[in-house]
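Listed below, chain by chain, are the residues.
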Amino acid sequence: MLEKIVINGGIPLKGTIEVTGAKNAAVAILPATILARGICVIENLPRIADVLIIKRILAEIGAEVEFDENGTMTVDTTNINTSKVTMNLVKRMRASYYMLGALLSRFGDAEISLPGGCTIGERPIDLHIKGMEALGANVKTEYGRVVATAPEGLKGCDIYMDKVSVGATINIMLASVCANGQTSIINAAKEPHVVDVANFLVCMGAKIKGAGTDVIRIIGVEKLHGCNYSIIPDQIETGTFMIAAAATRGDVTIKNVIPTHMEALTAKMQEMGVEIHEGADFIRVTCDKRPRSVKINTMPYPGFPTDLQQPATVLLSTAEGTSMITETIFESRFKHIKEIRRMGAQITTEDRVAVVEGVDRLTGAPVSATDLRAGAALIVAGLMADGTTEIQNVKYIDRGYDHIEDKLKKLGADIRREEVVYTEDEDIF
């Protein structure tokens, strides 16, 4: 069933909201349960499309999986009986590549279909393959599949990352925790979800030091065991609600967060003139006027996250003055700009730079999400705009946000989900 999100905007968001567990941690930790050969209980999982896809993949390869309404998944990987993951589900999400490292580590071989996901630019898996090969695997890419074998087992080594890559850092960790000897990942990614995956692996018995720095050292162990673990709060969901609060000139307290994970966004929003107050596990955002223009450069953590660039662009579309946004991570992450121009935004782009001329207000319009974070940006745009906004392609939004419309309703938003109904003379393709 095709759905759309309908928003009657212009209402300041007010109240308290809680974020759920981190999508980017969840989609790596769930494949990591393959290494346990036992039972893992994962708490604080978001009920999003990507998590449900991984649940199905785990069940397809022989795991016993239960997912309750409270966000807790119990995974028993004792009887996994195949190292091949070639079903169409893999093509629907980028993070399916974590199956490669986990299966290769457990079975000594792995076969997965090439991953899919959002079209936000080139995201090759060459760094993943380089890491597996350095550990002693033979890796081939053919017929839309990645096939890796390590007939003599994986052996620890020093692996220098040509560029910072979250996915490759995590995949190499998964592959190396049971490798023979020590592995050092140099120029490793430092994102909070990299640390969370490392902490989960340590909880299962892995020996990992340095997660959160640019050098991670892993001493291989013979085997891992099951454990209970709670996933960290979602940094990007937190940031999306922070931006939405400011964009609607609202007053919102966001609970179940880690404020230190938000420092880059907090600093930039304060530069815009937004008031932000922090506690041990909450952030309060208040704004009663147009924000000031700023410059934003996306960077790997602890810099400004690329996943918040698109919602931040929307916030700046009604700022006083001219803002400049430089996207350094993905080359195709300005697709949302065409959509918010339909709502009155004045933005020009050249290569990876967007120049945003602030306008007094946005107005509602029919728009379409092109990827996950673009969808979140369009929700922010709809909340702040005068009139009604209809957002198509909500399947992208559902990949990363757990019932976002229900949470926004609690803050006073006029937002609902509707089935898309086409007349006979409409072309739906």
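The rules behind these values
Residues numbered from 1 in each chain as written. Predicted model: local features only at pLDDT ≥ 70, side-chain atom pairs only at ≥ 80, totals over all residues. Heavy atoms only, no water. UniProt positions renumbered as here; feature names shortened; annotations may be inferred. Axes fitted to C-alpha atoms, helices over the stretch in contact; angles between N-to-C directions. Helix = DSSP H or I, 4+ residues; strand = E, 2+ residues; numbered from the N terminus. Parallel < 35°, antiparallel > 145°, perpendicular 65-115°, else oblique. Left-handed = near helix turned anticlockwise from the far one by under 90°. Contact = heavy atoms within 4.5 Å. Polar contact = N/O pair within 3.5 Å; in protein donor to acceptor, adjacent residues only side chain to side chain. Buried < 20%, exposed > 50% of the residue type's maximum accessible area, 1.4 Å probe, protein only. Lys, Arg positive; Asp, Glu negative; His and termini not counted. Salt bridge = Lys/Arg side-chain N within 4 Å of Asp/Glu carboxyl O. Pairing = 2+ DSSP bridges. Domains from an automatic or database assignment. Buried area = accessible area lost by both parts, 1.4 Å probe.

The name an unreviewed UniProt entry gives the protein is UDP-N-acetylglucosamine 1-carboxyvinyltransferase, with Christensenella hongkongensis as the organism. Word for word, the UniProt comment on the protein under Sequence similarities (unreviewed entry) is "Belongs to the EPSP synthase family. MurA subfamily." The Function (unreviewed entry) comment attached to the protein in UniProt states, word for word, "Cell wall formation. Adds enolpyruvyl to UDP-N-acetylglucosamine."

With respect to the packing of helix H1 (residues 23–32) against helix H6 (residues 192–203)
Between H1 and H6, the least distance of the axes is 9 Å, while the angle of their chain directions is 25°. If you check the angle between H1 and H6, you find them roughly parallel. Considering only the axes of H1 and H6, their crossing is right-handed. Residues Asn24, Ala25, Ala28, Ile29 and Ala32 of H1 lie in contact with H6, whose contacting residues are His193, Asp196, Val197, Phe200 and Leu201.

Description of the UniProt feature "binding site: UDP-N-acetyl-alpha-D-glucosamine" (unreviewed entry) in the protein
Those places that UniProt annotates as "binding site: UDP-N-acetyl-alpha-D-glucosamine" (unreviewed entry) correspond, in this numbering, to Arg94, Arg123, Pro124, Ile125, Asp126, Leu127, Lys163, Val164, Ser165, Val166, Asp307 and Ile329. Along the chain, the position of serine 165 falls in the loop between strand S10 (158–160) and helix H5 (166–176). Non-local contacts of serine 165, meaning those with residues more than four positions away in its chain, are made with Leu127, His128 and Ala189. At 3.1 Å, the side chain of serine 165 forms a polar contact with the backbone nitrogen of alanine 168. In this structure, valine 166 sits in helix H5.

Quick notes on the side chain of aspartate 234
As for its position among the elements, aspartate 234 is in the loop between strand S14 (228–230) and helix H7 (235–247). Among buried Asp, Glu, Lys and Arg side chains, aspartate 234 stands out as unpaired, with arginine 373 the closest opposite charge at 5.2 Å. Among the polar contacts listed, one links the side chain of aspartate 234 to the backbone nitrogen of lysine 23, at a separation of 2.8 Å. Look past the residues within four positions of aspartate 234 in its chain and what remains in contact with it is Val19, Thr20, Gly21, Ala22 and Lys23.

Brief notes about the sheet that holds strand S19 (residues 322–326)
Read across the sheet, four strands follow the order S18-S19-S21-S20 without closing on themselves; strand pairing throughout is mixed. For this open sheet the edge positions go to strand S18 (295–297) and strand S20 (346–350), each flanked by a neighbour on one side alone. Looking at each pair of strands side by side, their axes are set apart by 15° on average, direction ignored. Lying over the sheet, helix H9 (residues 309–316) contacts S18, S19, S20 and strand S21 (353–357), oriented at roughly 170° with respect to S19.

A look at the domain arrangement of the protein
Interface size, as often reported, equals the accessible area lost upon joining of the parts. Here the domain parsing of the protein yields domain 1 (2–20 + 233–420) and domain 2 (23–222). For domain 1 and domain 2, the distance between their C-alpha centroids amounts to 30 Å. Contacts between the two partners involve 26 residues from domain 1, matched on the other side by 20 residues from domain 2. Around 1900 Å² of area is buried between domain 1 and domain 2 when both sides are counted, 54% of it from carbon and sulfur atoms. Of all residues in domain 1, Tyr301, Phe330 and Arg399 bury the most surface against domain 2, accounting for 34% of the area lost on that side. Summed over the shared surface of domain 1 and domain 2, the number is one salt bridge. In this structure, aspartate 50 and arginine 399 form a salt bridge, with 2.8 Å as the shortest nitrogen-oxygen distance.

Things to note about the pairing of strand S4 (residues 64–67)
Where burial is concerned, the two faces of S4 differ: the one with Val65 and Phe67 is buried and the one with Glu64 and Glu66 is not. Looking at chain direction, S4 and strand S5 (residues 73–76) are connected through four bridges and run antiparallel. Bridge pairing links glutamate 64 to aspartate 76 in S5. In textbook terms, the turn of a hairpin is the stretch between consecutive antiparallel strands, and for S4 and S5 this stretch comprises five residues, one of which, glycine 71, has a positive phi near 85°.

Thoughts on unusual backbone geometry
The residue after tyrosine 301, namely proline 302, is reached through a cis peptide bond having omega 15°. Located in the positive-phi region is arginine 37, a residue other than glycine, with phi close to 55°. Position of arginine 37 among the secondary structure elements: in the loop between H1 and strand S3 (39–43). Judged by relative accessible area, which is 48%, arginine 37 ranks as partly exposed. Phi at histidine 403 is positive, roughly 50°, even though this residue is not glycine.

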